[in-house]
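In case you want the letters, here they are:
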Amino acid sequence: MSYFVGPKYKQAWLWPARLAIASLAAAIMEGDHADAAKGRNERAVAFESRIAGEPVEPIMAIVSLRNQRITVYDASGWVLRAPVSSGQKGRETPAGIFSVIEKQAEHYSNLYDDAYMPHMQRITWSGIALHGGPLPGHPASHGCVRMPYDFARRLFAMSKLGMRVIGAPSDVTPVEIVHPALFPVQPRAGTVAAARAAEADEAARKADQARLAAVTASREAARATMRMAENLKLRAEAQLAAADRTVASAESAEAKEQAEDAKAKAAARAAELEAQWAATKAELQPKFDAVASAREAAFMAENARVVAAEAARKAALDLEPVSVFISRKTQRLYVRQAFQPILESPVTIQDAHRPIGTHVFTAIERTGSNVDVRWSVVSLNGGHADAGADEPHGPTRGRRGQSVEPMATDPGGAKAALDRIAIPQDALDRIAAIASPRSSLIISDEALSSETGKDTEFVVLMSGEPQGGTKFRRRGPQTEVRYERPRDRPLYQRSPFAGPW
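Residues numbered from 1 in each chain as written. Predicted model: local features only at pLDDT ≥ 70, side-chain atom pairs only at ≥ 80, totals over all residues. Heavy atoms only, no water.

A. Region of the structure containing the overall build of the chain. Summing up its helical and strand segments, the chain has eight helices and 22 strands in all. Each of the 501 residues in the chain was classed as buried or not, and the buried ones make up 41%. Taking the intrachain contacts of the chain between residues at least 6 apart in sequence as the baseline, contacts between residues at least 24 apart amount to 73%. When the accessible area of the chain is evaluated, it comes to approximately 26,900 Å², of which 56% is carbon and sulfur surface. (Helix = DSSP H or I, 4+ residues; strand = E, 2+ residues; numbered from the N terminus. Buried < 20%, exposed > 50% of the residue type's maximum accessible area, 1.4 Å probe, protein only. Contact = heavy atoms within 4.5 Å. Areas by Shrake-Rupley, 256 points an atom, 1.4 Å probe, with all protein chains shown as cover.)

Take a look at the structure:
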């Protein structure tokens, strides 16, 4: 004991301890540098692209949960492809049909330790999203779809709210389909919406001018009235004060007579000032009339602005794609436009007891000189899409097939589904009147998910696939987003030997 505590040997004991601590710190720092290098390598994950610039707008993104890959499509075919990391076992990213309902370039998780989720594109309000993140080579998230950082930034810049996102059990591609049951879609160049927007801008400009004119007229009339009224008041008060002092100071009859004479003259002067006031008022009347006229014009211009703005909003809404969902389970048809429900109707399905599959039909406007519209379809089951549907979800599913080309959807199952459905003519007429390119028709055995709600597109979850990623999340409206930690700030900035508190 004296060897360790004695002053003679204290320095000899401290040197090995100091060397051990220094070695441990160096090892920890080396591990931190290795982790940082690994993070930099993860940020540089390569992805495929078929475009020199950016496409006009992506139509859909298909996430292959087994192959751990996302493929983005525009009207001409696939344009971007990258590896992903979806939900780990027990928290699987649900297979189904979604749409982008919110975008935030800087986002931190509300559920998982304020985790950084750059270029977040939300597909459910309960917390499932596409975002940039580390890719360990297998499913590792809590239900979201992590993408390479550069890929996430590029997709974020191209996509818009409403872009279709399909979580497919396997990797499938859309194929072109022609069928008489697909409702007609008229190509629209947006000229009506542009005209209504221009009218709204002009009405707003005129309303601003009229409002400014009314304010200016009111200010001028008020200033003139106050100036004349103040002058007349000062003169009257001065004359009356002088007359009163004269009467009060008069002692003799002659003085009083003179005071009365002065008072009479003051009264005459007051009458004169009254006449001047009447003349001034008559002179100011046109200004008062101008104020009333300007206010009326401003009121009319504001009403015109409101009407024009509403017309522009409706015209822009007409250009928004229409989504139609038909459920075999409920045997009903639902229609949404711009995330809002607009129609619900019963439908007739032949042999309603037999499965019909899940199929997503999309109206695509041709590019170039062609102005007609074609339809594409993606089938999630019933055809090639359900091949291997009994394969397990988990860490092994992301390690195979990433280099395998996606399988094209067999249109036979989709056509058979369309053959079995009869839509009421009134509902079909209403859909055809508002349908535009990028509109879609979804047919499924499933009912609408509870994720479908306010400010969402249709959300359909595949009941035969794991949905762990939705079971651990809070339901409810959009939650507050925090921006507390910059992207490049380390999670911990303290000594590795410090205590937990």
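B. Broad picture of the side chain of Gln121. The topology assignment puts Gln121 in strand 7 (residues 120-122). Contact partners of Gln121, with chain neighbours within four places excluded, come to Val100, Glu102, Lys103, Ala129, Leu130, Leu155, Phe156 and Ser159.

C. Region of interest: the packing of aromatic side chains. Under the criterion given, the structure shown has five aromatic pairs. An angle of 40 degrees between the planes, with centres 5.2 Å apart, marks the rings of Tyr108 and Tyr116 as tilted. On the accessibility criterion, Tyr108 (3% relative accessible area) is buried. Looking at Tyr116, the relative accessible area reads 18%, which means it is buried. Ring geometry for Phe325 against Tyr334: centres 6.1 Å apart, planes inclined by 25 degrees, an arrangement best described as stacked. A relative accessible area of 0% means that Phe325 is categorised as buried. (Phe/Tyr/Trp six-rings, centres within 6.5 Å; stacked < 30°, edge-to-face > 60°.)

D. Main features of the sheet that holds strand 3 (residues 69-74). In spatial order, the strands read 1-4-3-2-10-5-22; together these seven strands make up an open sheet with mixed pairing. Taken across any chain shown, the strands that pair with only one partner, and hence form the sheet edges, are strand 1 (48-49) and strand 22 (460-461). Relative to strand 4 (residues 77-83), helix 3 (residues 149-158) is tilted by about 145 degrees, and along the sheet it contacts strand 1, strand 3 and strand 4. (Pairing = 2+ DSSP bridges. Axes fitted to C-alpha atoms, helices over the stretch in contact; angles between N-to-C directions.)

E. The pairing of strand 17 (residues 358-365), seen in detail. Summarising burial for strand 17: seven of the eight residues are buried, a large majority. Note that strand 17 and strand 21 (residues 440-444) share four bridges and pair antiparallel. By the bridge assignment, Val360 is partnered in strand 21 with Ile442.

F. View of the sheet that holds strand 7. Taken in spatial order, the four strands line up as 6-7-8-9 in an open sheet, and their pairing is mixed. The strands lining the two open edges of the sheet, one partner per strand, are strand 6 (102-104) and strand 9 (145-147). Across this sheet, the average inter-strand angle for adjacent strands is 15 degrees, counted without regard to direction. Here strand 7 pairs with strand 8 (residues 129-132) via two bridges, running antiparallel. The residue of strand 8 that forms the bridge with Arg122 is Ala129.

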